[in-house]
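# Architecture and fold: a report
Okay, here's what each chain looks like letter by letter:
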Amino acid sequence: MSGGHFDYNQYRIRDIADSIEQVIKNNGKTKEHPIEYSWESEYHYEYPPEVIEKFKEGLVILKLAEVYAQRIDWLLSGDDGDETFLERLKEDLDGLTK
């Protein structure tokens, strides 16, 4: 595996983004497997629309942060040169908009 300058912590950014995506997806929906005989609700918490919008904004920022951290990691680790860094950064950022 390449990189390593940031001890692969950029993948933690992805984990956070994935978690936020799940919260958005499940907002107010019935849980698939609620625990029987529990105090736990059978529904996911329902955040108001303005909060979900902020979650979505944060998600965009986190995805950008992950891309930048990954590309910079590879550059600092010597896996990419300056030009390759710029090319791959552009490709990855373009991939986010699709």
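The notes below deal with the structure included here.

The description of an aromatic ring pair uses the distance of the two centres, along with the angle that the planes make with each other. This structure, assessed with the given rule, holds 3 aromatic pairs. Between the aromatic rings of Tyr-8 and Tyr-11, the centroid separation amounts to 6.5 Å while the plane-to-plane angle is 15°, which identifies the pairing as stacked. Accessibility expressed as a relative area gives 31% for Tyr-8, which makes it partly exposed. With a relative accessible area of 24%, Tyr-11 lands in the partly exposed category. Among the aromatic residues, those joined into a ring-pair cluster are Tyr-45, Tyr-47 and Phe-55. Its guanidinium or amino end placed over the ring of Trp-74, Arg-71 lies 5.0 Å from that ring's centre, counting from NZ or CZ.

Before going further, it helps to spend a moment on the packing of helix H1 (residues 10–26) against helix H2 (residues 49–76). When two helices pack together, their arrangement is given by the angle between the helix axes and by the axis-to-axis distance. Remark: H1 packs on H2, axes separated minimally by 9 Å, with the N-to-C direction vectors making an angle of 160°. On the basis of the axis angle, H1 is roughly antiparallel to H2. For the pair H1 and H2, the crossing hand works out as left-handed. The residues of H2 that touch H1, namely those facing Gln-10, Tyr-11, Ile-13, Arg-14, Ile-16, Ala-17, Ile-20, Glu-21, Val-23 and Ile-24, are Ile-52, Phe-55, Lys-56, Leu-59, Leu-62, Lys-63, Ala-65, Glu-66, Ala-69, Gln-70 and Asp-73. When the residues that make up the contact of H1 with H2 are grouped by side-chain class, the tally is 13 nonpolar, 2 polar and 6 charged.

So, about the packing of H2 against helix H3 (residues 82–96). It is the contact of H2 with H3, at a shortest axis distance of 10 Å, that shows an interaxial angle of 160°. Looking at the two axes, H2 sits roughly antiparallel to H3. The crossing of H2 and H3 is right-handed. Judged by residue contacts, Lys-63, Leu-64, Val-67, Tyr-68, Arg-71, Ile-72, Trp-74 and Leu-75 of H2 engage Asp-82, Phe-85, Arg-88, Leu-89, Asp-92, Leu-93 and Leu-96 from H3. A class-by-class count of the residues in the contact of H2 with H3 yields 10 nonpolar, no polar and 5 charged.

Scoring rules and cut-offs
- Residues numbered from 1 in each chain as written.
- Predicted model: local features only at pLDDT ≥ 70, side-chain atom pairs only at ≥ 80, totals over all residues.
- Heavy atoms only, no water.
- Phe/Tyr/Trp six-rings, centres within 6.5 Å; stacked < 30°, edge-to-face > 60°.
- Buried < 20%, exposed > 50% of the residue type's maximum accessible area, 1.4 Å probe, protein only.
- Lys NZ or Arg CZ within 6 Å of the ring centre and 35° of its normal.
- Axes fitted to C-alpha atoms, helices over the stretch in contact; angles between N-to-C directions.
- Helix = DSSP H or I, 4+ residues; strand = E, 2+ residues; numbered from the N terminus.
- Parallel < 35°, antiparallel > 145°, perpendicular 65-115°, else oblique.
- Left-handed = near helix turned anticlockwise from the far one by under 90°.
- Contact = heavy atoms within 4.5 Å.
- Nonpolar A, V, L, I, M, F, W, Y, C, P; charged D, E, K, R; others polar.

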